[in-house]
Structures are given as C-alpha cells and as structure tokens.
Amino acid sequence: MWILIVLLVIILIIAFFSIKIVKQAEVYIIERLGKFYKVADAGLTVIIPFFDHVRSVVSLKQQTMDIPPQGVITKDNVTITIDTVVFYQITDPAKAVYEIQSLKKGIEYLAITTIRDIIGKMDLDETFSSRDGINTQLRVVLDEATDRWGCKIDRVEIKDITPPADIRDAMEKEMNAERNKRAMILEAEAQRQSAITIAEGKKQASILEADADREAQIRRAAGEAQAIKEVAEAKAKEIQMVYDAIKKANPDDKLVQLKSLEALEKVADGEANKVFIPFEATGALAGLGSLSEVVKAEK
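Summarised in this report is the structure supplied together with it. (Residues numbered from 1 in each chain as written. Predicted model: local features only at pLDDT ≥ 70, side-chain atom pairs only at ≥ 80, totals over all residues. Heavy atoms only, no water.)

1. A look at the pattern of salt bridges
Moving on, step 1. Across all of its chains, the model carries nine salt bridges by this definition.
Moving on, step 2. The partner of Lys121 in a salt bridge is Asp117, and the shortest N-O contact between them spans 3.8 Å.
Moving on, step 3. Classification of Asp117 by relative accessible area gives partly exposed; the value is 43%.
Moving on, step 4. Through salt bridges with shared partners, one network takes in Asp66, Asp83 and Lys159. (Salt bridge = Lys/Arg side-chain N within 4 Å of Asp/Glu carboxyl O. Buried < 20%, exposed > 50% of the residue type's maximum accessible area, 1.4 Å probe, protein only.)

Now the structure itself:
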C-alpha cells in the first residue's frame, strides 16, 4: 500500500515537472542539458524532467520602455533634457535570449547614445520643430541595431523636451513679443480694411448721389423742354386761330392799319419800352391818323 502511494507521488511530481502550459502570446525557451533545445509555443508542452529546463518565458506582445530623461547638448551649446519612449516587439525569442545579456538594457543604452548623436547636430530651435524627424531617425537606427537581437522597433516617441530655466524664460518672452506683434499687425490690418471699406462706401455714395443729381437735372431739363414745347404749340395754335379768324373776317387795309396802331400803342406803353419807327412807315401812320379823325367825326 505504501509503495503505491509513493509511486503515485513520484508520478505526480514527474507530471508536474514534465507538463507545461504556455499562455497565448508567450513562448518558452527550453534547454536540454544546458543547451538550447526548442521554442515552445502557446499550448501544452511536455518536457523531460531533470534533462529539459525552461530557460526563459518570452512575451511576443508589443512592449513599451521608458528611456530615463537624458541631458543632451545641442549644436549651439544648450543643454536640454529629453524624455523618450520606445515601442518594440520580439520577433525571434531565441536571439532575444542568447544574443544579448539584457535586451531592455541594450535598447536603453543604444537609444541614449543615438539621441545624443542626433541632437548634437541640431540647433535648439530645430529640436523643437523637428520632433517627427528625430523620432524617425531614432527608430531607423534602433531597428537596424536590434535586428540581430531578434527585436523590431515599431515606434520611438519623444515625450518632452525641457530646456534650461533661463532659456524657457527667454523663449516665453520671445513668444509673448511675437504674439503682441501679431496682435498689433492684425489690429492695424483691421483698421486699414475698415478705412478702405468706409472710403469705398463714401465713394459709392458720392457716385450714386451724382448719378441721382444728373438724372434729376436731365428729367428737369426734359420737363422744361416739354413745357416750352407745349407753350409754343399753344401759342402757335392761338396765332393760327387768330389768323383764321382774321382771314375769315376779310378785313380791309384800313382796319388792319388801325389794329396795328392799337397794337403799337400797347407795345409802346411802359417806361422801359422804346419803339423805333422807320421813316417809310410815317406815311402809313399819317394816313392812319387821318382815318382816326374821320372816324371820330362820324361818331
């Protein structure tokens, strides 16, 4: 009975050390007698106790690693602090375990030296405006260097660039001055545009007013011309009526001369009126005078 219990315990111990369950997105690096044997993928794996040994558990997920903030010197001798994060993924677990002592330390040191090399070739202003370029250069260099370690660098991001306090103060003053300058330029532009708009409005108003005056003068002149025309036509009609009436009455020469004398008297009536009578008309006037006397005698 005791023998069976001992055998059962031994079997359970052997099963415990022999059967391994590998989780999803992980692999086991298995060594046999101290030498690399195989890479066990996700699922159930059986190993030989005391001969096989799980050297390392490697994650195949994308991993992130924060690079400690580093002080680097720019091309114009300004010391800035750069905080960086690296996104990487292991593609060959065996190389990641056997080709380097510590993969994370290797990536960290390589990232630090690469950042110092890249930033050392740039001015301070260029480092702030070229983050995408710095990220791309870092990723390319790290990806090439870590390829032999069975690792792929997916992304490198600079989280923060911190200049010294005095440089920050100077940059803030410069930014404030630039903002004030832009505000003054915008205000001046707005005033100029407003003045232009007002001048254009006055110009259009003057043009419209001049057009209205010209149209009014034209219509006034047209009305006066029409009125003169109508008066002239009315006078012509009156003259025509008088002429027709005289023609219809068939007056003799003496009556015509008498009417002319009466008309001449009305014309000459007035202080400012001066009438000049030709010498040839004196005979006719004398005849008219005699005719007037005869008429008075008859009356």
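2. Observations concerning the nonpolar core
Moving on, step 1. In this structure, Ile80, Ile82, Leu103, Ile107 and Ile153 are the most contacted members of the largest nonpolar core, which totals 34 residues.
Moving on, step 2. Going through the elements one at a time, β2 (26-32), β6 (63-73), β7 (79-90), α2 (93-98), α3 (103-119), α5 (131-146) and β8 (151-162) are the ones with two or more residues in this core.
Moving on, step 3. Sort the elements by how many residues they give to this core and α3 lands first, with eight residues.
Moving on, step 4. Aside from chain neighbours lying at most four places away, what touches Ile82 is Pro68, Pro69, Gln70, Val72, Ile115, Ile119, Ile158, Asp160 and Ile161. (Core = buried A, V, L, I, M, F, W, Y, C linked by side-chain atoms within 4.5 Å. Helix = DSSP H or I, 4+ residues; strand = E, 2+ residues; numbered from the N terminus. Contact = heavy atoms within 4.5 Å.)

3. So, the sheet that holds β7
Moving on, step 1. Across the sheet, three strands lie side by side as β6-β7-β8; this open sheet has antiparallel pairing. The strands lining the two open edges of the sheet, one partner per strand, are β6 and β8. Sheet twist, expressed as the average angle between the axes of neighbouring strands with direction ignored, equals 25°.
Moving on, step 2. Sheet analysis places β6 next to β7, joined by nine bridges and oriented antiparallel. By the bridge assignment, Asp66 is partnered in β7 with Val85. (Pairing = 2+ DSSP bridges. Axes fitted to C-alpha atoms, helices over the stretch in contact; angles between N-to-C directions.)

4. Quick word on unusual backbone geometry
Moving on, step 1. One non-glycine residue, Leu33, adopts positive backbone phi at about 55°.
Moving on, step 2. Using a relative accessible area of 65% as the deciding quantity, one classes Leu33 as exposed.
Moving on, step 3. Even without glycine at this site, Phe50 takes up a positive phi of about 70°.
Moving on, step 4. Mapped onto the fold, Phe50 is located in the loop between β4 (43-46) and β5 (52-59).
Moving on, step 5. When its relative accessible area of 78% is taken as the criterion, Phe50 is described as exposed.

5. Quick look at the sheet that holds β5
Moving on, step 1. Read from one edge to the other, the open sheet built from three strands follows the order β3-β2-β5, with strand pairing classed as antiparallel. Edge positions in the open sheet fall to β3 (35-40) and β5, since each of these has one partner strand only. This sheet shows a mean twist of 25° between the axes of neighbouring strands, independent of strand direction.
Moving on, step 2. Sheet topology places β2 next to β3; five bridges connect them, and they run antiparallel. Pairing of Tyr28 across the sheet is with Ala40, part of β3.

6. Observations concerning the packing of aromatic side chains
Moving on, step 1. By the definition in use, this model includes one aromatic pair.
Moving on, step 2. When the centroid spacing of 5.7 Å and the interplanar angle of 75° are considered together, the rings of Phe36 and Tyr98 count as edge-to-face. Note that Phe36 is positioned in strand β3 and Tyr98 in helix α2, a separation of 62 residues in sequence.
Moving on, step 3. The aromatic ring of Tyr37 is capped on one face by Arg32, whose charged end is 4.0 Å from the ring centroid. (Phe/Tyr/Trp six-rings, centres within 6.5 Å; stacked < 30°, edge-to-face > 60°. Lys NZ or Arg CZ within 6 Å of the ring centre and 35° of its normal.)

7. Some remarks on a negative patch on the surface
Moving on, step 1. A contiguous patch of negative charge on the surface is contributed by Asp76, Asp123, Asp125, Glu126 and Glu174.
Moving on, step 2. Structurally, the position occupied by Asp125 is in helix α4 (residues 124-129). (Patch = residues over 30% accessible without salt bridge, like charges linked within 9 Å, V, L, I, M, F, W, Y side chains within 5 Å. Areas by Shrake-Rupley, 256 points an atom, 1.4 Å probe, with all protein chains shown as cover. Lys, Arg positive; Asp, Glu negative; His and termini not counted. Charge placed at Lys NZ, Arg CZ, Asp CG, Glu CD.)

8. As for α5
Moving on, step 1. Here α5 is 16 residues long and its end C-alpha atoms lie 22 Å apart, about the 22 Å a rise of 1.5 Å per residue gives.
Moving on, step 2. Residues of α5 that are buried: Ile134, Asn135, Leu138, Leu142 and Thr146. Angular distribution of buried residues about the axis of α5 spans 95°; they occupy a single face of the element. Among the exposed residues of α5, those pointing more than 90 degrees away from its buried face are Asp132 and Glu144. (Expected span 1.5 Å × (residues − 1). Arc of directions from axis to C-beta.)

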